[in-house]
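# Per-entry structural report
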Amino acid sequence: MIYCETIESSKTWTCPKDGVWKIICIGGGGGGYSYGAVNSTKYTAQGGAGGSTSFGSYISASGGSAGKSDTAIHEYNSGSYHIKGSSGINGYNGASMYGSSGTAGLDTGSGYGASGGSKCNESGQWGVAAPGHPGDVKTIILDLVSGTAVACTIGAAGTGEEASGSNQTIIAYPGRKGAIIVQYLGSSF
Amino acid sequence: MYAYIIDNKVRELIPDIDPVFPGLDITERYPSETISKFVHVEDDANVKCGMNYDHETGTFSEPDVPVISLDIDALKVDKVEESKTKLAEWLSENPMTYTDGKSYTATAEKQALLNSNLASYERAKAAGVPYPLKWNASGEECIEWEYDDLVALSLAIAAYVAPKVSEQQTLEITINACQTPEELDKININYA
């Protein structure tokens, strides 16, 4: 028997068959962070952290933290703050480990638990933009009995925010929600 | 509810009872290793995501507000760039009305094209080669112009643009004289 299910919304999962099961938990991705000035007025857009994903009492994966200013400063600072945008980082099953590079802000990465990027101003202004962090990924292999009911909690996507009044230029993009991938590996150990 | 603490910060708030699993205790929804990082708080305890948590005292506090120090030289570069960008926008949005009653685009690109056109005519004339001199008003098709008339138009456009360019240059001097970000913030760039 081949069985693989991706759980994308919280629900009770019932084991359909005795055997060895591989469970992959992916936490929700964090939203981005953006801080800058538009026409000499300062704005902040702060995304939220992703939610944790849990396969009952067996295993859980925490959500990714939201972007924050000191992340950008420590990683990109060279004395000036011209980080116009940051890309969201791809999550599980995304195309690559990191989001694509670019000076223009790109929004949420692809894949479960991807993080949100951020956008900060057009030319002629200044600002700092930082992505959130993708959700954690945890894996476990279990020997389950048919009929076992497991509460599957799917981590929510970290929220995004658009700074009101910033003319759509100071934006923290949301993350992507987590998931649980359930795979049947075969009969018992 | 439970505050999920990671790196001394509240990462997530988790309800005592999840409505998706109404009969299940927290211990049936999360592994013990994860629950060990939960701190139970009352629903009305005003604990929010992002708050700091002190494990020793068991108390929560508002997160630190990051202070971003500003590099004044970088800010000046951006402000000067802003003054040039806004000048270009103004010129694009405010064509010149000429003596013939028509509007003529006065952007830097259009001026360069016009001067190039005139220069090509002059070279062609010197070489004894015919060169049709054409130009267009905004929103109209190109028509043939006499050389002297088109020179007069180009000079009129240059005279129209000159005060705005001078304004931008004055702004640039003012911007570069600023000593603090607060002084820069007070400079309002408006060519209207």
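So, here's what we can say about the structure. (Residues numbered from 1 in each chain as written. Chains lettered and ligands numbered in written order. Predicted model: local features only at pLDDT ≥ 70, side-chain atom pairs only at ≥ 80, totals over all residues. Heavy atoms only, no water.)

## Here's the deal with the overall build of chain B
Per the secondary structure count, chain B includes 5 helices and 9 strands. Its helices and strands in sequence order give chain B the pattern β-β-α-β-β-β-α-β-β-α-β-β-α-α, from N to C terminus. Counting the 192 residues in chain B, one finds 35% classified as buried. Within chain B, counting contacts between residues at least 6 apart in sequence, those at least 24 apart form 55% of the total. (Helix = DSSP H or I, 4+ residues; strand = E, 2+ residues; numbered from the N terminus. Buried < 20%, exposed > 50% of the residue type's maximum accessible area, 1.4 Å probe, protein only. Contact = heavy atoms within 4.5 Å.)

## Here we look at helix α3 (residues 108–126) of chain B
Residue and element names in this part refer to chain B. The end-to-end C-alpha separation of α3 is 27 Å, in line with the 27 Å expected for 19 residues at 1.5 Å each. Of all the positions in α3, only Gln111, Leu114, Asn117, Leu118, Ser120 and Ala124 are classed as buried. The inward-facing, buried residues of α3 abut β8 (134–135) and α4 (147–177). One or two positions beyond α3, positive phi appears at Gly128, with a value near 75 degrees. (Expected span 1.5 Å × (residues − 1).)

## Digging into the sheet that holds strand β2 (residues 11–14) of chain A
All names here are of chain A. Read from one edge of the open sheet, 4 strands run β2-β12-β6-β7, paired in antiparallel fashion. Of all strands in the sheet, those bounded by a partner on one side alone are β2 and β7 (59–61). Neighbour-to-neighbour, the strand axes of this sheet turn through a mean angle of 15 degrees, independent of strand direction. Both strand β6 (residues 53–55) and β7 contribute to a ladder of 3 bridges, which runs antiparallel. Within the sheet, the bridge partner assigned to Thr53 lies in β7 and is Ala61. (Pairing = 2+ DSSP bridges. Axes fitted to C-alpha atoms, helices over the stretch in contact; angles between N-to-C directions.)

## Section: the side chain of Thr108 of chain A
All names here are of chain A. Mapped onto the fold, Thr108 is located in the loop between β8 (85–86) and β9 (118–120). The exposure class assigned to Thr108 is buried, which follows from its relative accessible area of 18%. Within polar-contact distance, the side chain of Thr108 engages the backbone oxygen of Pro174 at 2.4 Å. Excluding anything up to four places from it in sequence, Thr108 contacts Ala114, Ser115, Gly116, Gly117, Tyr173, Pro174, Gly175 and Arg176. (Polar contact = N/O pair within 3.5 Å; in protein donor to acceptor, adjacent residues only side chain to side chain.)

## With respect to the layout of surface pockets
Looking at the largest pocket, its volume works out to about 850 Å³. Taken together, 32 residues line the largest pocket, and the ones lying closest to its centre are Gln46, Ala66 and Lys68 of chain A together with Lys9 and Gly50 of chain B. At the level of secondary structure, the elements contributing two or more residues to the lining of the largest pocket comprise α1 (69–76) of chain A together with β2 (9–14) of chain B. A total of 4 residues in the lining of the largest pocket trace back to one element, the largest contributor, which is β2 of chain B. Residues that form the lining of the largest pocket fall into these classes: 12 nonpolar, 11 polar and 9 charged. (1 Å grid on protein atoms, 1.4 Å probe; cavity = no way out; pocket = protein on both sides within 12 Å on 5 of 7 lines; lining within 4 Å. Points joined across faces, edges and corners; volume = space filled by probe spheres on them. Nonpolar A, V, L, I, M, F, W, Y, C, P; charged D, E, K, R; others polar.)

## Quick word on the packing of aromatic side chains
Under the counting rule described, the total for this entry stands at 14 aromatic pairs over all chains. Note on Tyr2 of chain B and Phe38 of chain B: the rings are 5.8 Å apart at their centroids and 45 degrees apart in plane angle, and the pair reads as tilted. Of the two residues, Tyr2 of chain B is situated in strand β1 (residues 2–6) and Phe38 of chain B in strand β3 (residues 38–40); the sequence distance between them amounts to 36 residues. According to the relative accessible area criterion, Tyr2 of chain B is buried, its value standing at 16%. The interplanar angle of 75 degrees and the centroid separation of 5.4 Å between the aromatic rings of Tyr30 of chain B and Phe38 of chain B together place this pair among those described as edge-to-face. For the pair shown, Tyr30 of chain B and Phe38 of chain B are each scored as buried. Grouped by ring-pair contacts, the aromatic residues Tyr3, Trp13, Trp21, Phe55, Tyr58 and Tyr184 of chain A constitute a single cluster. Looking at Lys110 of chain B, its charged tip hangs above the ring of Trp135 of chain B, at a distance of 5.0 Å from the centre. Positioned above the aromatic ring of Trp90 of chain B is the side chain of Lys164 of chain B, whose terminal nitrogen or guanidinium carbon lies 4.6 Å from the ring centre. (Phe/Tyr/Trp six-rings, centres within 6.5 Å; stacked < 30°, edge-to-face > 60°. Lys NZ or Arg CZ within 6 Å of the ring centre and 35° of its normal.)

## Some words on unusual backbone geometry
Among all residues save glycine, negative phi is the norm, and among peptide bonds the norm is trans. Residue and element names in this part refer to chain B. The backbone phi angle of Asp7 is positive, close to 50 degrees, even though this residue is not glycine. Looking at where Asp7 falls in the secondary structure, it is placed in the loop between β1 and β2. On the accessibility criterion, Asp7 (67% relative accessible area) is exposed. Its identity as a non-glycine residue notwithstanding, Asn46 has a phi of 60 degrees, on the positive side. With respect to the secondary-structure elements, Asn46 resides in the loop between β3 and β4 (52–54).

## Observations concerning the environment of Gly51 of chain A
Inspection of the secondary structure puts Gly51 of chain A in the loop between β5 (41–46) and β6. Separated by 11 residues in sequence, Gly51 of chain A and Ser62 of chain A have C-alpha atoms that sit 6.6 Å apart. Leaving out residues up to four positions away in the same chain, Gly51 of chain A has contacts with Gly27, Gly28, Ser62, Gly63, Gly155 and Ala156 of chain A together with Glu12 of chain B.

Read these as geometric descriptors, not functional statements.
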